[in-house]
Structure formats: C-alpha cells, structure tokens
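# Breakdown of the fold
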Amino acid sequence: MNKNPQHIAIIMDGNGRWAQNQGKKRTQGHKEGAKIVRDVTQWCASQHIPFLTLYAFSTENWKRPKVEVDFLMRLLEKYLHDEKSVYMKNSIKFRAIGDISVFNKSLQNAIFELEHSTQNHTNLTQILALNYGSHDEIARTFIKITHTLNQEDILTLTPQKMIALINANLDTATLPEVDMLIRTGGESRISNFLLWQSSYAEFFFTPTLWPDFTTDELDCMLKDFLQRKRRFGALN
Ligand code: FPP
C-alpha cells in the first residue's frame, strides 16, 4: 500500500459546460467552481495532505473572450479576500506559482497579502497556478539559471547538476513532486500543467465537471491511489 500522497495537483475543467448545461452563462460555472475549491482544500487539510496545487488560470487562458478573462480576474481577487478567514482558521498556507507580474496591481497585492499573512501556517499549503504554463515556467527557469552561471560552471555542468539547478529554480522549488494528478471535465490531457513535476505522478481522469466534483469522489481516488503499485522505474 502506498503512503498518503504528499502533493495532489488538480486541473479544474468543466466549469463552462456545467453552466451551459443549465442554461447559464459560462461565468456562473467559474463562480460555482470557486466553491468546490474551498471544499477540496478543506478536505485535503483534514486528510493531512501537505500540498495541493490547483490550475486556476493558464498562460493559454488569455485567448478566451475578454469578458470571461476579466470575470476570472475579479473572481480570483474576491476569492483571495473572502476566503482569508478559511486560511486563518485552518492554518492553511497560501502560495502562487506562475508569472503573476502581468496581473493588475490590485490582484497582485491580494496574492502577496495572502502569501504574507499565511506564511507561518503549518497545515496544508494550497498553491494556485496563476498565469501558469509549464513551458513558460521552464523557460523562465532557464533564463534564471543562465544569469547565475559563469563560463567555468557551464563547462563543468553534468545532467545531474542541471537537474538540481532546474529543480531549485522552478516556481515549485521546495515543493515535492506531484503524486496524484487529477483532471475533471472528461478530457485526458495535461494541458501544459506541471510537466516536469509530474514525471511519476499517478493520473486520474474523471468525466465529472468541476462544479459537480465532490470530496466523496476525491476520497475514492485517494483509495485507488493507495492501492496502486508505484515502482519509479525499479522492479518493485
Ligand atoms: C476550466 O473550465 C476552468 C478554468 C479555466 C478556470 C478555473 C477556475 C475556477 C475553478 C474558479 C476560480 C478559481 C479560484 C481559485 C477562485 P472551462 O471553462 O475550460 O470549462 P469547459 O471546458 O467546460 O469550457
């Protein structure tokens, strides 16, 4: 039997379809989806899972209509304000990954403020991936690394040293590798999410649309995960 996952990552897909199925605007689906974020976060904290990463806005999501992008930005900022009490009450630490420098100042401040006020919390760390894409993250990582290396470092680089440098400079530095990667909404792809960090993740794809996702379903996935045999390339 596996030990409890240290890091669960979730692609929260299906908000738009959930809303359209009910004759509502797509944005209503995102609003409903935000409530599930709270349920899943509290459940992970109650299960003593140390890290939960949620894909809230990708580097590709800018291609959506401006009204939807603007709605998501406002929803995120409101969520960060409204949910503060939940982070405080449950000692949940908040962290963002992705290039947040492009967001408006007020959203950036809400992110920094919540990171700051929860920095000493000791329960679950909830990580929101915001303007996040793995290609962008890896490219930013390589740029950071090139700024730190001199000629001699470059000549003595080995793959092992390079792997350590990449791990230390990714947005996810200090986070463990992903153990469980979940995608709701019926698609079986990972859409530029934590590509480097999921090399030995166990995958879970469910047709459930994100606003219908429940902690009961998550509990079933956890039970399945605990039964899976993970060999990490070895024989047993
Ligand atoms: C994908 O569903 C979802 C997103 C692009 C945004 C995820 C946002 C939330 C779950 C709510 C806000 C989050 C927080 C943390 C407050 P989709 O719109 O692609 O759905 P579709 O595939 O049915 O169109």
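Residues numbered from 1 in each chain as written. Predicted model: local features only at pLDDT ≥ 70, side-chain atom pairs only at ≥ 80, totals over all residues. Heavy atoms only, no water.

### Topic: the site of the ligand
Note the following rule: Put simply, a residue is near a molecule or strand once any heavy atom of it comes within 4 Å of that molecule or strand. Polar contact criterion, stated in full: a pair of N or O atoms within 3.5 Å, where within protein one must be able to donate a hydrogen and the other to accept it, and residues adjacent in sequence count only if both atoms are side-chain atoms. Working definition of accessibility: Shrake-Rupley area with a 1.4 Å probe, residue cover restricted to the visible protein chains. Numbering of helices and strands runs from the N terminus, with a helix taken as a DSSP run of H or I at least four residues long and a strand as a DSSP run of E at least two residues long.
Close to the ligand lie 17 residues; Asp13, Gly16, Arg17, Arg26 and Arg64 are nearest. Asn15 places a main-chain nitrogen or oxygen 3.2 Å from an oxygen atom of the ligand. Arg26 has a polar side-chain atom sitting 2.9 Å from an oxygen atom of the ligand. In isolation the ligand exposes 620 Å². Once the protein is present, 92% of that is buried. Only helix 1 (15-21), helix 2 (26-46) and helix 3 (66-82) provide two or more residues apiece to the shell around the ligand.

### Structural notes on the nonpolar core
Note the cut-off: Put simply, a nonpolar core is a bunch of buried Ala, Val, Leu, Ile, Met, Phe, Trp, Tyr and Cys residues held in one set by side-chain atoms that sit within 4.5 Å of each other. Each residue gets one of three labels from its accessible area relative to the maximum for its type: buried under 20%, exposed over 50%, partly exposed in between, using a 1.4 Å probe on protein chains only. The contact criterion used is simple: two residues touch if any of their non-hydrogen atoms lie within 4.5 Å.
Ile10, Val40, Cys44, Leu80, Ile111 and Ile182 are the most contacted members of the largest nonpolar core, which totals 42 residues. In contact with Cys44, not counting residues within four places along its chain, are Ile8, Ile49, Leu52, Leu124 and Leu218. Formed by 14 residues, the second largest nonpolar core is a distinct cluster that contains Ile97, Tyr132, Leu181 and Ala201.

### Things to note about the packing of aromatic side chains
Definition in use: Working definition: rings of Phe, Tyr and Trp (its six-membered ring) pair if their centres are within 6.5 Å, and the pair is stacked with planes under 30 degrees apart, edge-to-face with planes over 60 apart, and tilted otherwise. Whether a charge sits over a ring comes down to the Lys NZ or Arg CZ being within 6 Å of the ring centre and within 35 degrees of the ring normal.
Under the counting rule described, the total for this entry stands at nine aromatic pairs. On the numbers, 6.1 Å between centres and 75° between planes, the contact of Tyr55 with Tyr132 is edge-to-face. Of this pair, Tyr55 sits in strand 2 (residues 51-58) while Tyr132 sits in strand 4 (residues 125-132), placing them 77 residues apart in sequence. With relative accessibility at 0%, the residue Tyr132 sits in the buried group. Consider the rings of Phe57 and Trp62, whose centres lie 4.9 Å apart with planes at 75°: the pair is edge-to-face. Classification of Phe57 by relative accessible area gives buried; the value is 0%. Within the aromatic cluster, the residues linked to one another by ring pairs are Tyr55, Tyr132 and Phe193. Stacked on the ring of Phe204, the Lys or Arg Arg228 has its end atom at 3.9 Å from the ring centre.

### Looking at the pattern of salt bridges
Basically, it comes down to this: In the sections that follow, a salt bridge refers to a side-chain nitrogen of Lys or Arg positioned within 4 Å of a carboxyl oxygen of Asp or Glu.
All told, the structure shown has 17 salt bridges when counted by the stated rule. With its nearest N and O atoms 2.7 Å apart, the salt bridge here joins Lys66 to Asp70. Taken together, the residues span about one helical turn, with Lys66 and Asp70 both in helix 3 at a distance of four residues. Among the residues examined, Lys66 registers a relative accessible area of 62% and is labelled exposed.

### Remarks on the pairing of strand 1 (residues 7-11)
Here is the rule we go by: Two strands are said to pair when DSSP picks up at least two bridges between them.
Where burial is concerned, most of strand 1 is hidden: five out of the five residues are buried. Burial of strand 1 is two-sided: the residues His7, Ala9 and Ile11 facing one way and the residues Ile8 and Ile10 facing the other way are all buried. Judged from the five bridges that link them, strand 1 and strand 2 form a sheet pairing that is parallel. When the bridges of strand 2 are listed, Ile8 appears paired with Leu52. As judged from the four bridges shared by strand 1 and strand 5 (residues 180-183), these two strands associate in the parallel manner. Bridge pairing in strand 5 links Ile8 to Met180.

### Comments concerning the UniProt feature "active site" (unreviewed entry) in the protein
Short version of the rule: UniProt positions are given in the numbering used here, feature names are shortened, and annotations may be inferred rather than shown by experiment.
The positions that UniProt labels "active site" (unreviewed entry) are, in the present scheme, Asp13 and Asn61. These annotated residues cover 49 residues of sequence, and their C-alpha atoms lie no more than 12.1 Å from one another, placing them together at a single site. By the secondary structure assignment, Asp13 is in the loop between strand 1 and helix 1. If sequence neighbours within four positions are ignored, Asp13 has contacts with Arg183, Thr184, Gly185, Glu187, Thr208, Leu209 and Trp210. Here Asn61 is to be found in the loop between strand 2 and helix 3.

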